[in-house]
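Structure assessment
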Amino acid sequence: NAGVTQTPKFQVLKTGQSMTLQCAQDMNHNSMYWYRQDPGMGLRLIYYSASEGTTDKGEVPNGYNVSRLNKREFSLRLESAAPSQTSVYFCASSYGDGYNEQFFGPGTRLTVL
Amino acid sequence: DQQVKQNSPSLSVQEGRISILNCDYTNSMFDYFLWYKKYPAEGPTFLISISSIKDKNEDGRFTVFLNKSAKHLSLHIVPSQPGDSAVYFCAARPGGYQKVTFGTGTKLQVIP
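To start, this report covers the structure provided alongside it. The model shown is predicted, which means the values in this text are computed figures rather than measured ones.

A few words on the sheet that holds strand E3 (residues 19-25) of chain B. Residue and element names in this part refer to chain B. Overall, antiparallel pairing links the five strands, which are arranged E1-E3-E8-E7-E6 in an open sheet. The sheet is open, and its two edges are formed by strand E1 (4-5) and strand E6 (56-59), each paired on a single side. Direction of pairing for E3 relative to strand E8 (residues 72-77): antiparallel, over a ladder of six bridges. Within E8, the position partnered with Leu21 by the bridge is Leu75.

Structure follows, in structure tokens:
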């Protein structure tokens, strides 16, 4: 069991470039999430997918799009990267019932110049 | 508007002593609380949780206490070990929803 995997681990972009962060889980979880972590801000929810075929905005969705490709995969896209999107991005998954803990991937460190 | 607050950015404790990490929340709709632990360059991992119908939950060296009237919870680690050195995040969610709100984290250093 690999758990939650994320690619890439590191990425440097120039302002205006686009990229997609990939996330996959092999735990047969229903729900998946994207967070960003910034110094002094904790983890903030960008988007989540309660189940396959659904997505909803979190706390900080502006500048991002997501795709729940299938039950295993949930991608995050930056269409036109900005320096304010420099952050560490974490993908997570859970069974989806109201009180289950989330399992996190190792993170992607993104720098936008 | 920070709905989950961890007012101590860092904490240092001697090995073998008790570590107490605190968390306050403002949203009275929160009814399930979690603690996560995070090592550098890794994702957070779930540590312990508590439902609002309880005031204490214990798992080995880790105990979480919930004071609903004060909107306060705390994580106790007894005895503290050097391997406990990490950032600890408090998190909370309203009943039945999957959107979790995280605090800003407390960096714990356990000194051998």
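The structure having been displayed, the exposition proceeds.
Here the focus is the pattern of salt bridges. Tallied over the entire structure, the rule returns six salt bridges over all chains. The salt bridge partner of A:Arg77 is A:Glu79, with a shortest N-O separation of 3.1 Å. On the accessibility criterion, A:Arg77 (30% relative accessible area) is partly exposed. Ionic pairing is found between B:Asp84 and B:Lys37, a salt bridge with its closest N-O pair at 4.0 Å. Residue B:Asp84 is located in the loop between E8 and strand E9 (86-94), and its partner B:Lys37 is located in strand E4 (residues 30-38); the two are separated by 47 residues in the primary sequence. Here B:Asp84 matches B:Lys37 in class, with each residue buried. The network of salt bridges with shared partners includes A:Arg36, A:Asp38 and A:Arg44.

Thresholds applied
- Residues numbered from 1 in each chain as written.
- Chains lettered and ligands numbered in written order.
- Predicted model: local features only at pLDDT ≥ 70, side-chain atom pairs only at ≥ 80, totals over all residues.
- Heavy atoms only, no water.
- Pairing = 2+ DSSP bridges.
- Helix = DSSP H or I, 4+ residues; strand = E, 2+ residues; numbered from the N terminus.
- Salt bridge = Lys/Arg side-chain N within 4 Å of Asp/Glu carboxyl O.
- Buried < 20%, exposed > 50% of the residue type's maximum accessible area, 1.4 Å probe, protein only.

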